[in-house]
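# Fold and geometry: a report
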Amino acid sequence: MNKKEIKLSNGMEMPRLGMGTWFLGENRSKDAEETAALRAGIDAGIRLIDTAEMYGDGRSEQLIGRAIQGYDRSRLFLVSKVYPHNAGRRKIFKSLQQTLKNLQTDYLDLYLLHWRGGIPLEETVECMEQLVKEGKIRSWGVSNFDTDDMKELFSVPNGNHCVVNQVLYHLGSRGVEFDLLPWLKEHNVPLMAYCPLAQAGDLQKDLLQSSAVKEVARIHGITPMQVLLAFVLYKENVIAIPRSGKAEHVLQNLEAGKVHLTVEEYARLDAAFPAPRKKIYLDIV
Ligand code: NDP
(Lines give C-alpha, C1' and ligand atoms only; values in the text may rest on other atoms or scores of the structure.)
Protein backbone atom coordinates (compact mmCIF):
# COMPACT_ATOMS: atom_id res chain seq x y z
CA MET A 1 0.00 0.00 0.00
CA ASN A 2 1.58 3.29 -1.03
CA LYS A 3 -0.69 5.97 0.38
CA LYS A 4 -2.08 5.58 3.91
CA GLU A 5 -5.05 7.85 3.28
CA ILE A 6 -7.43 8.50 0.45
CA LYS A 7 -9.10 11.79 -0.41
CA LEU A 8 -12.87 11.49 -0.63
CA SER A 9 -14.93 13.47 -3.14
CA ASN A 10 -16.03 15.87 -0.37
CA GLY A 11 -12.40 16.64 0.52
CA MET A 12 -12.21 14.49 3.67
CA GLU A 13 -9.21 12.24 4.18
CA MET A 14 -10.05 8.63 4.98
CA PRO A 15 -7.56 5.98 6.20
CA ARG A 16 -7.11 3.09 3.77
CA LEU A 17 -6.81 0.46 6.48
CA GLY A 18 -9.28 0.03 9.31
CA MET A 19 -10.73 -2.49 11.73
CA GLY A 20 -13.92 -4.40 10.96
CA THR A 21 -16.08 -5.43 13.91
CA TRP A 22 -18.74 -7.88 12.74
CA PHE A 23 -19.32 -10.43 15.54
CA LEU A 24 -17.24 -8.41 18.01
CA GLY A 25 -19.12 -7.55 21.20
CA GLU A 26 -21.47 -10.51 20.87
CA ASN A 27 -19.84 -12.66 23.51
CA ARG A 28 -19.33 -10.99 26.89
CA SER A 29 -16.59 -13.44 27.87
CA LYS A 30 -14.47 -12.08 25.02
CA ASP A 31 -15.07 -8.46 25.95
CA ALA A 32 -11.66 -7.77 27.49
CA GLU A 33 -9.76 -9.46 24.66
CA GLU A 34 -11.74 -7.69 21.94
CA THR A 35 -11.48 -4.30 23.66
CA ALA A 36 -7.74 -4.83 23.96
CA ALA A 37 -7.55 -5.73 20.26
CA LEU A 38 -9.29 -2.51 19.23
CA ARG A 39 -7.19 -0.43 21.60
CA ALA A 40 -3.98 -2.07 20.38
CA GLY A 41 -4.99 -1.09 16.86
CA ILE A 42 -5.71 2.51 17.83
CA ASP A 43 -2.48 2.73 19.83
CA ALA A 44 -0.55 1.52 16.80
CA GLY A 45 -2.18 4.16 14.60
CA ILE A 46 -5.30 2.55 13.08
CA ARG A 47 -7.93 5.29 13.11
CA LEU A 48 -10.73 3.76 11.05
CA ILE A 49 -13.31 1.50 12.70
CA ASP A 50 -16.24 -0.03 10.81
CA THR A 51 -19.44 -1.22 12.47
CA ALA A 52 -23.22 -1.41 11.91
CA GLU A 53 -26.42 -1.17 13.92
CA MET A 54 -27.00 -4.77 12.79
CA TYR A 55 -23.86 -6.23 14.39
CA GLY A 56 -24.99 -7.96 17.56
CA ASP A 57 -28.02 -5.63 17.63
CA GLY A 58 -25.83 -2.70 18.64
CA ARG A 59 -23.41 -4.64 20.84
CA SER A 60 -20.54 -4.17 18.40
CA GLU A 61 -21.14 -0.40 18.48
CA GLN A 62 -21.28 -0.51 22.28
CA LEU A 63 -17.99 -2.40 22.49
CA ILE A 64 -16.36 0.24 20.30
CA GLY A 65 -17.94 2.96 22.42
CA ARG A 66 -16.22 1.51 25.50
CA ALA A 67 -12.92 0.84 23.70
CA ILE A 68 -12.49 4.39 22.39
CA GLN A 69 -12.90 6.03 25.79
CA GLY A 70 -9.89 8.19 26.57
CA TYR A 71 -8.83 8.64 22.93
CA ASP A 72 -9.04 11.88 21.01
CA ARG A 73 -12.32 11.45 19.12
CA SER A 74 -11.22 13.82 16.36
CA ARG A 75 -8.37 11.44 15.45
CA LEU A 76 -10.76 8.54 14.87
CA PHE A 77 -12.76 7.78 11.75
CA LEU A 78 -15.95 6.00 12.84
CA VAL A 79 -18.21 4.30 10.31
CA SER A 80 -21.58 2.71 10.96
CA LYS A 81 -24.41 1.42 8.79
CA VAL A 82 -28.15 1.75 8.84
CA TYR A 83 -30.44 -1.18 8.05
CA PRO A 84 -32.27 -0.68 4.72
CA HIS A 85 -35.65 -0.78 6.46
CA ASN A 86 -34.53 2.04 8.76
CA ALA A 87 -33.05 4.16 5.97
CA GLY A 88 -36.05 6.47 5.46
CA ARG A 89 -37.58 9.58 7.04
CA ARG A 90 -39.56 7.61 9.61
CA LYS A 91 -36.69 5.74 11.22
CA ILE A 92 -33.22 6.86 10.20
CA PHE A 93 -32.94 9.72 12.69
CA LYS A 94 -33.79 7.43 15.59
CA SER A 95 -31.44 4.76 14.28
CA LEU A 96 -28.56 7.19 14.06
CA GLN A 97 -29.33 8.54 17.54
CA GLN A 98 -29.06 5.02 18.95
CA THR A 99 -25.83 4.37 17.02
CA LEU A 100 -24.27 7.57 18.40
CA LYS A 101 -25.38 6.65 21.91
CA ASN A 102 -23.89 3.16 21.54
CA LEU A 103 -20.63 4.60 20.28
CA GLN A 104 -20.66 7.31 22.97
CA THR A 105 -20.02 10.00 20.41
CA ASP A 106 -21.96 12.87 18.88
CA TYR A 107 -21.12 12.34 15.22
CA LEU A 108 -20.10 9.69 12.69
CA ASP A 109 -17.40 10.25 10.11
CA LEU A 110 -19.27 8.08 7.63
CA TYR A 111 -22.77 6.58 7.60
CA LEU A 112 -23.59 3.82 5.12
CA LEU A 113 -26.80 2.35 3.78
CA HIS A 114 -26.04 -1.32 4.60
CA TRP A 115 -27.67 -2.69 1.46
CA ARG A 116 -30.42 -1.68 -0.89
CA GLY A 117 -33.95 -2.18 0.39
CA GLY A 118 -37.46 -0.96 -0.38
CA ILE A 119 -37.06 2.70 0.57
CA PRO A 120 -36.55 4.91 -2.50
CA LEU A 121 -32.95 6.04 -2.94
CA GLU A 122 -34.12 9.68 -3.22
CA GLU A 123 -35.53 9.50 0.30
CA THR A 124 -32.43 7.91 1.82
CA VAL A 125 -30.19 10.47 0.11
CA GLU A 126 -32.36 13.34 1.38
CA CYS A 127 -32.10 12.02 4.94
CA MET A 128 -28.33 11.51 4.66
CA GLU A 129 -27.91 15.06 3.36
CA GLN A 130 -30.00 16.40 6.25
CA LEU A 131 -27.81 14.51 8.74
CA VAL A 132 -24.71 16.03 7.15
CA LYS A 133 -26.23 19.52 7.47
CA GLU A 134 -27.07 18.88 11.12
CA GLY A 135 -23.44 17.85 11.77
CA LYS A 136 -24.43 14.36 12.95
CA ILE A 137 -22.52 12.67 10.15
CA ARG A 138 -19.58 14.05 8.17
CA SER A 139 -20.27 12.01 5.05
CA TRP A 140 -22.41 9.17 3.76
CA GLY A 141 -22.06 6.21 1.42
CA VAL A 142 -23.54 2.88 0.48
CA SER A 143 -22.76 -0.81 0.79
CA ASN A 144 -23.44 -3.83 -1.43
CA PHE A 145 -24.27 -1.64 -4.43
CA ASP A 146 -23.48 -3.13 -7.83
CA THR A 147 -22.70 -0.99 -10.89
CA ASP A 148 -26.35 -0.51 -11.92
CA ASP A 149 -27.27 0.50 -8.36
CA MET A 150 -24.47 3.06 -8.37
CA LYS A 151 -25.66 4.48 -11.68
CA GLU A 152 -29.17 4.78 -10.32
CA LEU A 153 -27.90 6.41 -7.14
CA PHE A 154 -25.92 8.96 -9.11
CA SER A 155 -29.05 9.83 -11.11
CA VAL A 156 -31.03 11.03 -8.06
CA PRO A 157 -30.57 14.56 -6.61
CA ASN A 158 -27.33 14.68 -4.58
CA GLY A 159 -26.81 10.94 -5.12
CA ASN A 160 -23.30 11.77 -6.30
CA HIS A 161 -22.46 12.95 -2.77
CA CYS A 162 -22.00 9.27 -1.89
CA VAL A 163 -18.33 9.00 -0.87
CA VAL A 164 -17.71 5.21 -0.75
CA ASN A 165 -19.24 1.88 -1.69
CA GLN A 166 -18.47 -0.97 0.74
CA VAL A 167 -18.53 -4.37 -0.98
CA LEU A 168 -17.08 -7.85 -0.65
CA TYR A 169 -13.62 -8.06 -2.22
CA HIS A 170 -10.83 -10.54 -1.70
CA LEU A 171 -8.29 -12.44 -3.79
CA GLY A 172 -10.77 -15.24 -4.44
CA SER A 173 -13.69 -12.94 -5.27
CA ARG A 174 -12.66 -10.37 -7.86
CA GLY A 175 -15.90 -9.82 -9.78
CA VAL A 176 -15.88 -6.13 -8.82
CA GLU A 177 -12.75 -5.62 -10.92
CA PHE A 178 -14.69 -6.17 -14.14
CA ASP A 179 -16.93 -3.11 -14.08
CA LEU A 180 -17.71 -1.85 -10.56
CA LEU A 181 -14.18 -0.89 -9.53
CA PRO A 182 -13.49 0.96 -12.83
CA TRP A 183 -16.86 2.76 -12.56
CA LEU A 184 -16.10 3.79 -8.99
CA LYS A 185 -12.63 4.99 -9.92
CA GLU A 186 -14.03 7.07 -12.77
CA HIS A 187 -16.49 8.69 -10.36
CA ASN A 188 -13.94 9.19 -7.59
CA VAL A 189 -15.66 6.78 -5.18
CA PRO A 190 -13.28 4.46 -3.27
CA LEU A 191 -14.24 0.84 -2.84
CA MET A 192 -14.26 -0.21 0.81
CA ALA A 193 -13.40 -3.92 0.82
CA TYR A 194 -15.18 -6.11 3.33
CA CYS A 195 -14.13 -9.72 4.00
CA PRO A 196 -10.66 -8.83 2.66
CA LEU A 197 -9.33 -11.98 4.39
CA ALA A 198 -12.15 -14.10 2.94
CA GLN A 199 -13.15 -14.60 6.60
CA ALA A 200 -9.82 -16.21 7.45
CA GLY A 201 -10.07 -18.30 4.28
CA ASP A 202 -13.49 -19.75 5.18
CA LEU A 203 -15.14 -18.16 2.13
CA GLN A 204 -12.66 -19.88 -0.16
CA LYS A 205 -10.68 -22.74 1.23
CA ASP A 206 -7.92 -22.93 -1.41
CA LEU A 207 -6.67 -19.35 -0.89
CA LEU A 208 -4.39 -19.96 2.06
CA GLN A 209 -3.12 -23.25 0.64
CA SER A 210 -2.19 -21.72 -2.70
CA SER A 211 1.48 -22.00 -3.65
CA ALA A 212 1.37 -18.46 -5.12
CA VAL A 213 0.11 -17.01 -1.83
CA LYS A 214 2.60 -19.06 0.18
CA GLU A 215 5.50 -18.02 -2.05
CA VAL A 216 4.69 -14.30 -1.80
CA ALA A 217 4.33 -14.73 1.97
CA ARG A 218 7.74 -16.38 2.13
CA ILE A 219 9.43 -13.62 0.11
CA HIS A 220 8.10 -10.92 2.47
CA GLY A 221 8.40 -12.95 5.67
CA ILE A 222 4.67 -12.56 6.33
CA THR A 223 1.72 -14.93 6.70
CA PRO A 224 -0.57 -15.99 3.83
CA MET A 225 -3.37 -14.03 5.56
CA GLN A 226 -1.26 -10.88 5.34
CA VAL A 227 -0.76 -11.54 1.63
CA LEU A 228 -4.54 -11.52 1.14
CA LEU A 229 -4.72 -8.09 2.73
CA ALA A 230 -1.75 -6.72 0.78
CA PHE A 231 -3.45 -7.92 -2.39
CA VAL A 232 -6.66 -5.91 -1.93
CA LEU A 233 -4.70 -2.83 -0.87
CA TYR A 234 -2.51 -3.00 -3.98
CA LYS A 235 -5.06 -0.93 -5.91
CA GLU A 236 -5.05 2.70 -4.80
CA ASN A 237 -8.82 3.20 -4.92
CA VAL A 238 -9.37 0.52 -2.26
CA ILE A 239 -9.84 0.74 1.52
CA ALA A 240 -9.86 -2.47 3.61
CA ILE A 241 -11.39 -3.30 6.97
CA PRO A 242 -10.14 -6.71 8.19
CA ARG A 243 -11.70 -7.82 11.44
CA SER A 244 -9.88 -9.40 14.34
CA GLY A 245 -10.71 -9.86 17.99
CA LYS A 246 -7.04 -10.47 18.78
CA ALA A 247 -4.45 -7.73 19.28
CA GLU A 248 -1.72 -9.81 17.69
CA HIS A 249 -3.72 -10.22 14.48
CA VAL A 250 -4.73 -6.54 14.40
CA LEU A 251 -1.05 -5.59 14.49
CA GLN A 252 -0.23 -8.13 11.78
CA ASN A 253 -2.92 -6.58 9.63
CA LEU A 254 -1.42 -3.15 10.15
CA GLU A 255 1.97 -4.51 9.05
CA ALA A 256 0.38 -6.13 5.98
CA GLY A 257 -0.84 -2.69 4.97
CA LYS A 258 2.80 -1.58 4.73
CA VAL A 259 3.80 -4.39 2.36
CA HIS A 260 4.53 -3.34 -1.22
CA LEU A 261 3.86 -6.16 -3.64
CA THR A 262 5.98 -5.96 -6.76
CA VAL A 263 4.37 -6.07 -10.18
CA GLU A 264 5.66 -9.64 -10.55
CA GLU A 265 4.25 -10.74 -7.19
CA TYR A 266 0.90 -9.20 -8.02
CA ALA A 267 0.96 -10.98 -11.40
CA ARG A 268 1.65 -14.27 -9.67
CA LEU A 269 -1.38 -13.89 -7.39
CA ASP A 270 -3.46 -12.64 -10.31
CA ALA A 271 -2.58 -15.72 -12.37
CA ALA A 272 -3.45 -18.08 -9.50
CA PHE A 273 -6.83 -16.40 -8.86
CA PRO A 274 -7.73 -14.52 -12.04
CA ALA A 275 -10.38 -11.82 -12.13
CA PRO A 276 -13.41 -12.81 -14.22
CA ARG A 277 -13.48 -11.58 -17.81
CA LYS A 278 -17.21 -11.05 -17.85
CA LYS A 279 -19.82 -9.46 -15.62
CA ILE A 280 -20.44 -11.37 -12.40
CA TYR A 281 -23.08 -10.09 -10.04
CA LEU A 282 -21.87 -8.75 -6.76
CA ASP A 283 -20.76 -11.33 -4.22
CA ILE A 284 -22.24 -10.85 -0.73
CA VAL A 285 -22.20 -12.61 2.64
P1 NDP B 1 -12.51 -10.86 7.38
O2 NDP B 1 -12.22 -11.22 5.96
O3 NDP B 1 -12.00 -9.58 7.91
O4 NDP B 1 -11.99 -12.06 8.27
C5 NDP B 1 -12.14 -12.09 9.66
C6 NDP B 1 -11.49 -13.38 10.18
O7 NDP B 1 -10.08 -13.34 9.96
C8 NDP B 1 -11.69 -13.62 11.65
O9 NDP B 1 -11.96 -15.00 11.81
C10 NDP B 1 -10.33 -13.28 12.28
O11 NDP B 1 -10.13 -14.09 13.40
C12 NDP B 1 -9.38 -13.63 11.17
N13 NDP B 1 -8.17 -12.83 11.17
C14 NDP B 1 -8.08 -11.48 11.13
N15 NDP B 1 -6.81 -11.07 11.05
C16 NDP B 1 -6.05 -12.20 11.05
C17 NDP B 1 -4.66 -12.43 10.98
N18 NDP B 1 -3.79 -11.42 10.88
N19 NDP B 1 -4.23 -13.72 11.03
C20 NDP B 1 -5.10 -14.74 11.11
N21 NDP B 1 -6.44 -14.58 11.16
C22 NDP B 1 -6.92 -13.32 11.13
O23 NDP B 1 -14.10 -11.00 7.56
P24 NDP B 1 -15.32 -10.07 8.00
O25 NDP B 1 -16.53 -10.73 7.51
O26 NDP B 1 -15.28 -9.76 9.43
O27 NDP B 1 -15.12 -8.73 7.14
C28 NDP B 1 -14.42 -7.60 7.65
C29 NDP B 1 -15.36 -6.50 8.09
O30 NDP B 1 -16.11 -6.00 6.98
C31 NDP B 1 -16.46 -6.94 9.07
O32 NDP B 1 -15.97 -7.18 10.36
C33 NDP B 1 -17.42 -5.80 8.95
O34 NDP B 1 -16.97 -4.66 9.67
C35 NDP B 1 -17.40 -5.56 7.43
N36 NDP B 1 -18.44 -6.32 6.70
C37 NDP B 1 -19.39 -5.60 6.02
C38 NDP B 1 -20.40 -6.25 5.33
C39 NDP B 1 -21.43 -5.44 4.62
O40 NDP B 1 -22.44 -6.00 4.19
N41 NDP B 1 -21.24 -4.17 4.47
C42 NDP B 1 -20.49 -7.71 5.28
C43 NDP B 1 -19.37 -8.37 5.95
C44 NDP B 1 -18.41 -7.68 6.61
P45 NDP B 1 -9.46 -13.55 14.77
O46 NDP B 1 -10.50 -12.69 15.42
O47 NDP B 1 -9.15 -14.80 15.49
O48 NDP B 1 -8.25 -12.76 14.38
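The preceding data block contains the structure.
Let us look at the structure shown here. Computed from a predicted model, the values in this text were never measured in an experiment.

Moving on to the site of the ligand. The environment of the ligand is formed by 28 residues, the closest being Asp 50, Gln 199, Arg 243, Ser 244 and His 249. Trp 22 has a polar backbone atom sitting 2.9 Å from an oxygen atom of the ligand. Note that an oxygen atom of the ligand is positioned 2.6 Å from one of the side-chain N or O atoms of His 249. Considering the ligand on its own, with 890 Å² of exposed area, one finds that the protein chains cover 90% of that surface.

The alternating pattern of strand β9 (residues 191–194) places Leu 191 and Ala 193 on one face and Met 192 and Tyr 194 on the opposite face, and all of these are buried. Pairing between strand β8 (residues 165–168) and β9: four bridges, direction parallel. By the bridge assignment for β9, Asn 165 is matched with Leu 191. One crossover worth recording links β8 to the parallel β9 by way of helix α6 (residues 180–186), and it is right-handed. Pairing between β9 and strand β10 (residues 238–240): three bridges, direction parallel. Across the sheet, the residue bridging to Ala 193 is Ala 240, located in β10.

Attention shifts here to the packing of helix α3 (residues 92–103) against helix α4 (residues 121–133). At a minimum axis distance of 11 Å, the contact between α3 and α4 shows a crossing angle of 45°. Our classification of the angle between α3 and α4 gives oblique. Crossing angle aside, the handedness with which α3 passes α4 is right-handed. Across the interface between the two elements, Ile 92, Phe 93 and Leu 96 of α3 pack against Cys 127, Met 128, Gln 130 and Leu 131 of α4. Taken together, the residues that form the contact of α3 with α4 break down as six nonpolar, one polar and no charged.

Reading guide: rules and limits
- Residues numbered from 1 in each chain as written.
- Predicted model: local features only at pLDDT ≥ 70, side-chain atom pairs only at ≥ 80, totals over all residues.
- Heavy atoms only, no water.
- Near = heavy atom within 4 Å.
- Polar contact = N/O pair within 3.5 Å; in protein donor to acceptor, adjacent residues only side chain to side chain.
- Areas by Shrake-Rupley, 256 points an atom, 1.4 Å probe, with all protein chains shown as cover.
- Buried < 20%, exposed > 50% of the residue type's maximum accessible area, 1.4 Å probe, protein only.
- Helix = DSSP H or I, 4+ residues; strand = E, 2+ residues; numbered from the N terminus.
- Pairing = 2+ DSSP bridges.
- Right-handed = clockwise from strand over helix to strand, strands pointing away.
- Axes fitted to C-alpha atoms, helices over the stretch in contact; angles between N-to-C directions.
- Parallel < 35°, antiparallel > 145°, perpendicular 65-115°, else oblique.
- Left-handed = near helix turned anticlockwise from the far one by under 90°.
- Contact = heavy atoms within 4.5 Å.
- Nonpolar A, V, L, I, M, F, W, Y, C, P; charged D, E, K, R; others polar.

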